[in-house]
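A closer look at the structure
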Amino acid sequence: EAQIEEFRRHIEEDPDNCVHFYNLGEALAELGQTEEARESFEHALLLDETQEFSAIIHFGIGNLYYHQLMSGIQSTVVKSSVGLHSAHKVGDTITIVNDDDYGIPIREFEAAIQDIPKLKADEEIMEFISKNAPQQLATVYYKWGSDLFDKARQIENYGDEIKDIKQGLKHLKKTINIDPNHAQANLMVKYGKKMLQEGYSIYDEYGFVAKEIEGTG
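Residues numbered from 1 in each chain as written. Predicted model: local features only at pLDDT ≥ 70, side-chain atom pairs only at ≥ 80, totals over all residues. Heavy atoms only, no water.

Details of the side chain of Asp164
Within the fold, Asp164 resides in helix α7 (residues 161–178). In this structure Asp164 touches Leu148, Lys151 and Tyr158, once residues within four positions along its chain are discounted. (Helix = DSSP H or I, 4+ residues; strand = E, 2+ residues; numbered from the N terminus. Contact = heavy atoms within 4.5 Å.)

What about the pattern of salt bridges?
Under the defined criterion, the tally for this structure stands at 6 salt bridges. For Arg38, the salt bridge goes to Glu35, with nearest N and O atoms at 2.4 Å. Taken as a pair, Arg38 and Glu35 lie in helix α3 (residues 34–47) at a separation of 3 residues, close to a single helical turn. Residue classification places Glu35 among the partly exposed positions, given a relative accessible area of 46%. The residue Arg153 makes a salt bridge to Asp150 at a minimum N-O spacing of 2.5 Å. Asp150 carries the same exposure label as Arg153, and that label is buried. (Salt bridge = Lys/Arg side-chain N within 4 Å of Asp/Glu carboxyl O. Buried < 20%, exposed > 50% of the residue type's maximum accessible area, 1.4 Å probe, protein only.)

Topic: the packing of aromatic side chains
The final tally for this structure, using the stated rule, is 6 aromatic pairs. Seen from their ring centres, Tyr66 and Phe109 are 6.5 Å apart, and the 70° between their planes marks the pair as edge-to-face. Taken as a pair, Tyr66 in helix α4 (residues 54–70) and Phe109 in helix α5 (residues 99–115) lie far apart in primary sequence, 43 residues in all. This pair shows no difference in class: Tyr66 is buried, exactly as Phe109 is. On the basis of an interplanar angle of 10° and a centroid distance of 5.3 Å, the ring pair of Tyr102 and Trp144 is categorised as stacked. On the criterion of sequence distance, the pair formed by Tyr102 in helix α5 and Trp144 in helix α6 (residues 123–152) is long-range, its members being 42 residues apart. (Phe/Tyr/Trp six-rings, centres within 6.5 Å; stacked < 30°, edge-to-face > 60°.)

Here we look at the packing of α7 against helix α8 (residues 183–198)
Two elements in contact, α7 and α8, have axes whose closest approach is 9 Å; the angle formed by their N-to-C orientations is 155°. Relative to α8, the element α7 is oriented roughly antiparallel. When the axes of α7 and α8 are compared, the crossing they make is left-handed. Taken together, the residues of α8 that come into contact with α7 (itself represented by Ile162, Ile165, Lys166, Leu169, Leu172, Lys173, Thr175 and Ile176) are Ala185, Asn186, Met188, Val189, Gly192, Lys193, Met195 and Leu196. Partitioned by chemical class, the residues of the contact of α7 with α8 number 10 nonpolar, 3 polar and 3 charged. (Axes fitted to C-alpha atoms, helices over the stretch in contact; angles between N-to-C directions. Parallel < 35°, antiparallel > 145°, perpendicular 65-115°, else oblique. Left-handed = near helix turned anticlockwise from the far one by under 90°. Nonpolar A, V, L, I, M, F, W, Y, C, P; charged D, E, K, R; others polar.)

Structure (structure tokens):
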């Protein structure tokens, strides 16, 4: 909190400096004050008219949404059971996938990558953003794809199982485009194609078939 007060003092002394607002946003984010951190980051973007610092700011905003995404049920669902025959675990199945939860951090990480050529920072920061922004982007696409797969494996029939698997495959392929060696994404693409072709069954907690989805052949 002392650091936050120091950054606020810097802002009072130099209110047009985007770096001070970015630093405040980072400090607030570390304390879990997400909304205030977001406001500080967004104000930093407005002040960064030359976009010489925007890559770092977009990365900071992306991480805010990324950590929100990872703190929900998506962070606790076990993905290793994905396949043609998956056991249902009560309370551990994703039933709703909100596109904005994934789309917003994706846009921010993409903006960070796009602004890297304009970034005026030391070599260490340049290297950090250049390495980590694509990694975070790939991770969000992977989560989006795997969560759609998990949604399709819920015990209730909801009618869009095949559609969700197809959409999940698109996101997983974007992960692989960024990181061709992403082992989990490559494995899930293999499973997803098999699920589409052959169909799959979901078993309830007692081992009985609760849902069967026909394959497309």
